[in-house]
Amino acid sequence: MIQDTLKLVQFAYFPSLVFQFDVPDAPSLNDQLLEAILRVREQDRQGVSKSNYRDLGGWHSKENLHKRAEFEGIVRHVDAAGEQISSELAYHRDYAIRIGTMWSIVNGPGAVNLSHVHPGCLWSGVYYVRAPAKCGKISFTDPRTANVMHKAVFDPRSKVPKKCWTKVSFTPTEGRMLIFPSWLYHSVAPNLADAREGGGERVILSFNLSQHRVRSSR
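Fair warning: this is a prediction, and the values are worked out from it, not measured in the lab. (Residues numbered from 1 in each chain as written. Predicted model: local features only at pLDDT ≥ 70, side-chain atom pairs only at ≥ 80, totals over all residues. Heavy atoms only, no water.)

Q: Looking at this model, I keep getting lost on the overall build of the protein. Mind explaining?
A: A tally of helices and strands in the protein yields 3 helices and 10 strands. Listed by position from the N terminus, the elements making up the protein come as β-α-β-α-β-β-β-β-α-β-β-β-β. Oriented by its inertia axes, the alpha-carbon framework of the protein measures out at about 70 × 55 × 30 Å. Within the protein, the proportion of its 218 residues that are buried is 40%. Long-range pairs, those at least 24 residues apart, make up 87% of the contacts in the protein with a sequence separation of at least 6. In the structure as shown, the protein presents an accessible area of about 13500 Å², 53% of it carried by carbon and sulfur atoms. Counting 28 positive and 21 negative side-chain charges, the protein places the averaged centre of each group 5 Å from the other. (Helix = DSSP H or I, 4+ residues; strand = E, 2+ residues; numbered from the N terminus. Buried < 20%, exposed > 50% of the residue type's maximum accessible area, 1.4 Å probe, protein only. Contact = heavy atoms within 4.5 Å. Areas by Shrake-Rupley, 256 points an atom, 1.4 Å probe, with all protein chains shown as cover. Lys, Arg positive; Asp, Glu negative; His and termini not counted. Charge placed at Lys NZ, Arg CZ, Asp CG, Glu CD.)

So this is what it looks like as structure tokens:
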């Protein structure tokens, strides 16, 4: 057969990277963060309107939480994650990944976050402070429109290879951080958590990251 004589050479370019980090001291840190976030919400019940849908019970804080002392613990972990990403991707050593903005989102039962991107930065991330069961997965969509518009037909007896996926979802896990390209469209499914369990609220911290010069080369 002809295919027996053809040597297949495969290249994979233009990946959409998603980094995952699990924070070691998450239980105690999350207790402190939850208390701080709820205090911020009490001081500003209105919040702001971004990807959250306020009519469905989603609350979004202002974007300066990284400048407040009570969030220093998570900022240190984000900085450490940025250092690992910089090393992994061979970024210039004179630059460090640092937080430009950080905010909290609290989604009560039924709340969602619409599909969106984060302009004006390099990476974005989410950290899960409280994540009851069924509180809403985060989904990332293939940014190449052509792949979404015209999908291939796959063998129903086989699993679709990951490199051919056009959407991927992550289940929220308390103490886990995800960092992804700011241009990658993402959304959060409706919170279907049991409202009797801690109010059923999904509580996260989100942040935007950019490279900042920290030293000068000699």
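Q: For this particular structure, what's the right way to read the nonpolar core?
A: If you look at soluble globular proteins, the nonpolar side chains tend to sit buried side by side. By size, the foremost hydrophobic cluster in this structure holds 31 residues, and its most contacted members are Phe71, Ile74, Met102, Tyr127, Met177, Ile179 and Leu205. Of all the secondary structure elements, the ones that give two or more residues to this core are β1 (19–22), α1 (26–43), α2 (72–88), β3 (95–107), β5 (123–130), β8 (176–181) and β10 (202–213). Per-element tally for this core: the top contributor is α1, with 7 residues. Core analysis: the next-biggest nonpolar cluster, separate from the first, contains 11 residues, Trp103, Ile105, Ile138 and Phe140 among them. (Core = buried A, V, L, I, M, F, W, Y, C linked by side-chain atoms within 4.5 Å.)

Q: Help me out: how do you make sense of a nonpolar patch on the surface in this one?
A: A cluster of nonpolar residues, Val9, Phe11, Tyr13 and Phe14, forms a patch on the protein surface that exposes about 550 Å² of accessible area. Along the chain, the position of Val9 falls in the segment before β1. (Patch = residues over 30% accessible without salt bridge, like charges linked within 9 Å, V, L, I, M, F, W, Y side chains within 5 Å. Salt bridge = Lys/Arg side-chain N within 4 Å of Asp/Glu carboxyl O.)

Q: Explanation requested: the pattern of salt bridges in the structure shown.
A: Inspection of every chain in the model, using the stated rule, returns 11 salt bridges. Glu42 is the salt-bridge partner of Arg45, the closest N and O atoms lying 3.5 Å from each other. Under the relative-accessibility criterion, Glu42 is labelled exposed at 54%. Between Lys62 and Asp44 there is a salt bridge; the shortest N-O distance is 2.8 Å.

Q: Mind showing me how you'd approach α2 here?
A: Turn by turn, an α-helix covers 3.6 residues, leaving residues three or four places apart pointing in a common direction. Here α2 contains 17 residues, and its C-alpha end-to-end distance of 25 Å stays within 8% of the 24 Å for a straight helix at 1.5 Å per residue. For α2, the secondary structure elements touched by its buried residues are β1, α1, β3, β5, β8 and β10. Downstream of α2 by a residue or two, Ala90 has a phi angle that is positive, lying close to 60°. (Expected span 1.5 Å × (residues − 1).)

Q: Can you walk me through the sheet that holds strand β2 (residues 58–60) in this structure?
A: The strand order β1-β8-β5-β10-β3-β2 describes an open sheet built from 6 strands, whose pairing is antiparallel. The sheet terminates laterally at β1 and β2, the two strands that pair on one side only. Averaged over all neighbouring strand pairs, the angle between strand axes comes to 25°, with direction disregarded. Two strands pair when backbone bridges link them, and β1 and β8 are joined in this way by 4 bridges, in the antiparallel orientation. Residue pairing across strands places Asp22 opposite Arg176, the latter belonging to β8. Each of β1, β3, β5, β8 and β10 is contacted by α2, which is oriented at about 130° to β3, the strand it contacts most. (Pairing = 2+ DSSP bridges. Axes fitted to C-alpha atoms, helices over the stretch in contact; angles between N-to-C directions.)

Q: How should the pairing of strand β6 (residues 138–141) be read in this particular structure?
A: The side chains of a regular strand alternate between both faces of the sheet. Here β6 runs beside strand β7 (residues 167–170); their pairing, made up of 4 bridges, is antiparallel. Note on β7: the bridge partner recorded for Ser139 is Ser169. Summarising the sheet, β6 and strand β9 (residues 186–188) pair through 3 bridges and their orientation is antiparallel. Within β9, the residue paired with Phe140 across the bridge is His186.

Q: Please clarify how the layout of surface pockets should be interpreted in this entry.
A: Unoccupied space between atoms shows up once a probe the size of one water molecule is rolled over them. Here the largest pocket defines a volume of roughly 900 Å³. At the level of elements, β6 and β7 are the ones that each hand at least two residues to the lining of the largest pocket. Broken down by element, the lining of the largest pocket gets its largest block of residues, 3 residues, from β7. The residue inventory of the lining of the largest pocket, partitioned by class, reads 16 nonpolar, 6 polar and 6 charged. Within this model, the second largest pocket holds a volume of roughly 320 Å³. Lining the second largest pocket are 21 residues, and of these Ser51, Trp103, His116, His118 and His186 sit closest to its centre. Every element with two or more residues in the lining of the second largest pocket is listed here: β3, β4 (113–116), β5, β9 and β10. Tallied by class, residues from the lining of the second largest pocket come to 9 nonpolar, 9 polar and 3 charged. (1 Å grid on protein atoms, 1.4 Å probe; cavity = no way out; pocket = protein on both sides within 12 Å on 5 of 7 lines; lining within 4 Å. Points joined across faces, edges and corners; volume = space filled by probe spheres on them. Nonpolar A, V, L, I, M, F, W, Y, C, P; charged D, E, K, R; others polar.)

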